[in-house]
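Results of the structural survey
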Amino acid sequence: MPMLREEVLRQAEERMGQLTKPPRSLGRLEEVALRLAGIQGRLKPELGPGAVVVAAADHGVVAEGVSAYPQEVTRQMVLNFLRGGAAINQFALVADCRVLVLDVGVKGELPEHPRLLRRKVREGTGNLAAEPAMSREEAERALEAGREAARQAVEEGATLLAAGDMGIGNTTAAAALTAALLGLPPEAVVGRGTGIGEEGLRRKREAVARALARLQPGLDPLGVAAEVGGLELVAIAGVYLEGYRAGLPLVLDGFPVSAGALLAWRLEPGVREHLFAGHLSREPGHRAVLEALGLWPLLDLDLALGEGTGAVLAMPLLRAAARILHMATFAEAGVSGPI
C-alpha cells in the first residue's frame with residue numbers, strides 16, 4: 001500500500017535535514033523539493049517532460065482602445081506558434097516541453113495542425129465594458145476545452161503542466177476578472193499590457209471600472225468569468241483543474257494565465273497546493289494574484305510577453321529542485337555532519 005502523502009512529506013523533511021549540505025543552503029528550492037515530494041507522494045520526486053497549453057481567443061473590449069496592437073495579431077500569432085517561430089516554441093525546445101495550442105475563440109479560421117486543438121466556442125468575446133463577455137454555457141464549454149487540452153497533454157506524457165495565453169486585449173479581461181474575484185479597484189490591477197501610453201491606460205482602467213459596475217451581487221466564480229473574463233482565461237482554468245485532477249505539478253505564467261489559475265482556485269481550492277509561480281511579470285495585477293494564492297515566483301526577469309514563456313523557463317528549475325532529495329545524506333556519503 002503506497003505511503004500517504006503526509007507521511008512522504010514528513011520523511012522528505014527528515015531527509016532534507018540530513019543531506020550533504022548546510023541547512024537551508026539551497027534556499028527556497030528546498031521548499032519546492034518538499035512540495036514536489038508531497039504532490040507525487042514520492043520521497044525522491046521525478047520530473048520528466050513538460051507540456052504547455054497555449055490557449056488563444058479574441059476580445060471585444062479592444063473596441064475601447066485598450067491595446068497597442070490590432071486584433072488580427074491574435075490569429076497571426078497562433079499561426080506563428082504552429083510554425084514554431086514564437087518565443088514559446090524556442091524556450092520549449094530547451095526545456096523539454098511540448099507546445100499544444102488551443103483555439104477557444106480566435107476570430108477567423110485556422111488550418112488543421114497536429115498541435116492545434118480546435119475548440120472554438122465563439123469568435124471572440126463581447127465587449128466586457130458594455131455587455132457580458134460570454135454566456136454561462138459558453139464559459140462552461142471553454143472550461144471543458146481547457147480540461148480536454150490538459151488531458152491530451154497528460155496522455156502524451158507530460159509530468160508537469162503549464163498554460164500560456166494569446167489574445168489581444170486579454171490583460172484587460174484578466175484585470176477585470178482579478179478585480180472582481182479579489183474585490184480590488186481597477187487601479188490595483190490594470191497595467192500597460194502590450195505597451196500602451198497614458199491615454200490607453202486611462203481607457204483601460206475605465207473599461208474595467210465599467211465592467212465591474214455591471215456585475216450583479218451573488219454571482220459564483222464562473223458566472224463572474226462569463227461576465228467580465230475571456231474565453232482563453234476560462235480555458236486556462238480548465239487546464240489547471242484537469243492537471244490537478246491528474247496529480248501533476250502546475251506552473252503559472254504571467255498575468256492572464258495567473259488570472260485563469262485564480263478562477264480555478266475559486267472553483268476548486270485544492271488546486272492551490274499544486275501551483276508554482278514560474279515568474280513575476282510587470283503587470284501589477286500579477287503580483288496581486290500571486291499574493292492571493294500565497295505563491296512566490298521562481299524567476300523575476302522583468303518578463304511581459306505571455307505565451308507561457310515564463311512558466312516554461314521555470315521548468316528546468318523545478319526539475320533541479322526535484323533532484324535535491326536524490327542527494328546523498330551524510331551517513332550515505334560517509335561525510336562528517338555539522339558539529
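My aim in this report is to walk through the structure given alongside it, one point at a time. Just so we're clear, the structure is a prediction, and the values are computed from it rather than from any experiment. (Residues numbered from 1 in each chain as written. Predicted model: local features only at pLDDT ≥ 70, side-chain atom pairs only at ≥ 80, totals over all residues. Heavy atoms only, no water.)

1. Overview of the overall build of the protein
Each helix and strand counted, the protein has 14 helices and 7 strands in total. Over its C-alpha atoms the protein spans a radius of gyration of 20 Å, differing by no more than 12% from the 20 Å that the globule rule assigns to 339 residues. For the protein, with 339 residues in total, the buried portion stands at 55%. Counting contacts in the protein only where the partners sit at least 6 residues apart, residues at least 24 apart contribute 75% of the total. (Helix = DSSP H or I, 4+ residues; strand = E, 2+ residues; numbered from the N terminus. Rg over C-alpha atoms; globule rule 2.2 N^0.38 Å. Buried < 20%, exposed > 50% of the residue type's maximum accessible area, 1.4 Å probe, protein only. Contact = heavy atoms within 4.5 Å.)

2. Comments concerning the packing of aromatic side chains
What the rule picks out here adds up to 0 aromatic pairs. The ring of Phe-276 is capped by Arg-35, whose NZ or CZ atom sits 4.1 Å from the centre of that ring. (Phe/Tyr/Trp six-rings, centres within 6.5 Å; stacked < 30°, edge-to-face > 60°. Lys NZ or Arg CZ within 6 Å of the ring centre and 35° of its normal.)

3. Some points on the environment of Val-234
Among the structural elements, Val-234 can be located in helix α10 (residues 231-245). Beyond its immediate stretch of four places on either side in the chain, Val-234 contacts Met-134, Ala-139, Ala-142, Leu-143, Leu-222, Ala-225 and Leu-263.

4. Some details on α10
The terminal C-alpha atoms of α10 lie 21 Å apart, and with 15 residues this matches the ideal 21 Å at 1.5 Å per residue to within 8%. Counting buried positions along α10 yields 13 of 15 residues, so the element is predominantly enclosed. At the exit of α10 stands Gly-247, carrying a positive phi of roughly 80°. (Expected span 1.5 Å × (residues − 1).)

5. A closer look at the packing of helix α6 (residues 170-182) against helix α8 (residues 198-214)
In the contact formed by α6 and α8, the axes pass within 9 Å of each other and the chain directions differ by 45°. Classed by the angle they form, the pair α6 and α8 counts as oblique. Every pair of crossing elements has a handedness; the one defined by α6 and α8 is right-handed. Between α6 and α8, the contacting residues are Thr-171, Thr-172, Ala-175, Ala-176, Ala-179 and Ala-180 on the first element and Lys-204, Val-208, Ala-211 and Leu-212 on the second. Class assignment of the residues belonging to the contact of α6 with α8 gives a composition of 7 nonpolar, 2 polar and 1 charged. (Axes fitted to C-alpha atoms, helices over the stretch in contact; angles between N-to-C directions. Parallel < 35°, antiparallel > 145°, perpendicular 65-115°, else oblique. Left-handed = near helix turned anticlockwise from the far one by under 90°. Nonpolar A, V, L, I, M, F, W, Y, C, P; charged D, E, K, R; others polar.)

6. Re the pattern of salt bridges
Within this structure, the stated rule accounts for 26 salt bridges. Residue Glu-242 pairs with Arg-147 through a salt bridge whose shortest N-O separation is 2.9 Å. Here the residue Glu-242 occupies a position in helix α10, and Arg-147 occupies one in helix α5 (residues 136-155), the gap between them amounting to 95 residues. Residue Arg-147 is classed as partly exposed on the basis of its relative accessible area, which comes to 22%. (Salt bridge = Lys/Arg side-chain N within 4 Å of Asp/Glu carboxyl O.)

7. What about the packing of α5 against helix α9 (residues 221-228)?
Put simply, α5 and α9 touch, their axes get as near as 9 Å, and they point 105° apart. With respect to each other, α5 and α9 are oriented roughly perpendicular. Counting all contacts with α5, which are made through Arg-136, Ala-139 and Glu-140, the residues of α9 involved are Leu-222, Gly-223 and Ala-226. Of the residues belonging to the contact of α5 with α9, the class tally is 3 nonpolar, 1 polar and 2 charged.

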